[in-house]
Amino acid sequence: MRALAAGSLRAVWGELMAHFPEPVETQFGPAGLLRERIESGEPCDLFASANLAHPHALLTAGKALSVVPFASNRLCLTVRSDLLHDGDDWFTLLTREDLRIATSTAGADPSGDYAQTLFTRMGEAGEAVRKRSQALVGGRVPAPIPPGSLAAEWVIFGGKADLFIGYASYAAKLREIAGLTVMDIPAPYNPHAEYGGAVLTPRGKALAEYLVSAEAKTILQKAGFGV
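Presented here is a report on the structure given in the accompanying data block. (Residues numbered from 1 in each chain as written. Predicted model: local features only at pLDDT ≥ 70, side-chain atom pairs only at ≥ 80, totals over all residues. Heavy atoms only, no water.)

Details of the side chain of S72
Thought 1: On the secondary structure map, S72 appears in strand β4 (residues 66-73).
Thought 2: S72 has contacts with H192, A193, E194, Y195, F225, G226 and V227, leaving out every residue within four places of it along the chain. (Helix = DSSP H or I, 4+ residues; strand = E, 2+ residues; numbered from the N terminus. Contact = heavy atoms within 4.5 Å.)

Laid out in structure tokens, this is it:
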């Protein structure tokens, strides 16, 4: 069995597949780019996307048999700790013009799309933030993030930006890294990221069914995902 899966699932995927009874060859990447590969004819049994838009596009085009939602996520901010001012919160950090903001790449990577939604929900202040933000990961040219490092860690400690907007499923690991501070974004502003599996072949149906099983839900929740 072959799967293409969103990069944000990489850390949890190994444990998920360890409990699935069939070997699964998996390649990871930004979900928007993975969808393009499937549309171009690349063989795949299941496509696990970080949003539902890409699986539904394949379903509409007749390239998927069904779409199965199986997890959720949200965004958080990671900032260099020594740049914090007294009283800073997620909003003041994003609107501080002395901070360089990085996101993933909208269009290619759903994380970047969700960041754009966040800016829209911030109203006028968010438009200024949008103009200042830079898409540094999740694009067509893979960022040279060292194995074992997280995107926010690489961006901030590499001096490329001071603040990174990414998935909250990474928050627990990021909080363990000295020099980084993670801030939650409240629900009215924070987009709800819903993950879905596009079943592309009859063989992929078993994997989609496993991803919504009680066992898989427990593994996903421990890894910081909603279910």
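Examining the packing of helix α1 (residues 10-18) against helix α10 (residues 214-222)
Thought 1: Two elements in contact, α1 and α10, have axes separated by 10 Å at closest approach and are oriented at 150°. Classified by the angle their axes make, α1 and α10 are roughly antiparallel. In this structure, the crossing between α1 and α10 has a hand that is right-handed. Along its contact with α1, which presents V12, E15 and L16, the element α10 presents A216, I219 and L220.
Thought 2: Split into classes, the residues belonging to the contact of α1 with α10 amount to five nonpolar, no polar and one charged. (Axes fitted to C-alpha atoms, helices over the stretch in contact; angles between N-to-C directions. Parallel < 35°, antiparallel > 145°, perpendicular 65-115°, else oblique. Left-handed = near helix turned anticlockwise from the far one by under 90°. Nonpolar A, V, L, I, M, F, W, Y, C, P; charged D, E, K, R; others polar.)

As for the pattern of salt bridges
Thought 1: Going through the model one piece at a time under the given rule, you end up with 13 salt bridges.
Thought 2: The shortest N-O distance in the salt bridge between R2 and E42 comes to 2.9 Å. Placement of the pair is R2 in strand β1 (residues 2-6) and E42 in the loop between α2 (31-39) and β3 (46-49), with a sequence separation of 40 residues.
Thought 3: Judged by its relative accessible area of 15%, R2 is buried.
Thought 4: Its relative accessible area of 23% is what places E42 among the partly exposed residues.
Thought 5: Note that D82 and R80 form a salt bridge whose closest N and O atoms lie 2.9 Å from each other.
Thought 6: Of the residues examined, D82 reaches a relative accessible area of 56% and is grouped as exposed.
Thought 7: A relative accessible area of 27% means that R80 is categorised as partly exposed.
Thought 8: Salt bridges sharing common partners tie together R2, E25, R37 and E42. (Salt bridge = Lys/Arg side-chain N within 4 Å of Asp/Glu carboxyl O. Buried < 20%, exposed > 50% of the residue type's maximum accessible area, 1.4 Å probe, protein only.)

Considering the packing of aromatic side chains
Thought 1: Counted under the stated rule, the structure contains eight aromatic pairs.
Thought 2: Look at W13 and F28: their rings are 6.5 Å apart centre to centre, the planes differ by 90°, and that puts the pair in the edge-to-face class. With W13 in helix α1 and F28 in strand β2 (residues 25-29), this pair connects stretches of sequence that are 15 residues apart.
Thought 3: Judged by relative accessible area, W13 falls into the buried class, the value being 3%.
Thought 4: By relative accessible area, F28 is classed as partly exposed at 21%.
Thought 5: On the numbers, 6.3 Å between centres and 65° between planes, the contact of Y114 with Y167 is edge-to-face. Residue Y114 is found in helix α5 (residues 110-121), and its partner Y167 is found in strand β8 (residues 163-167); the two are separated by 53 residues along the sequence. (Phe/Tyr/Trp six-rings, centres within 6.5 Å; stacked < 30°, edge-to-face > 60°.)

Some remarks on α10
Thought 1: For α10, the complete set of buried residues consists of A216, I219 and L220. All buried residues of α10 fall inside an arc of 100° around its axis, so they share one side. Residues of α10 that are exposed and angled more than 90 degrees away from the buried face: A214 and K222.
Thought 2: Two residues or fewer after α10 comes G224, characterised by a positive phi angle close to 100°. (Arc of directions from axis to C-beta.)

Here we look at the environment of T26
Thought 1: Relative to the elements of secondary structure, T26 occurs in strand β2.
Thought 2: As for T26 and T103, which are separated by 77 residues in sequence, their C-alpha atoms are 25 Å apart.
Thought 3: Among residues more than four places away in sequence, those in contact with T26 are A3, A5 and W13.
Thought 4: A polar contact of 2.8 Å, which involves the side chain of T26, links it to the side chain of W13. (Polar contact = N/O pair within 3.5 Å; in protein donor to acceptor, adjacent residues only side chain to side chain.)

Bear in mind that shape data such as this cannot, by itself, settle questions of function.
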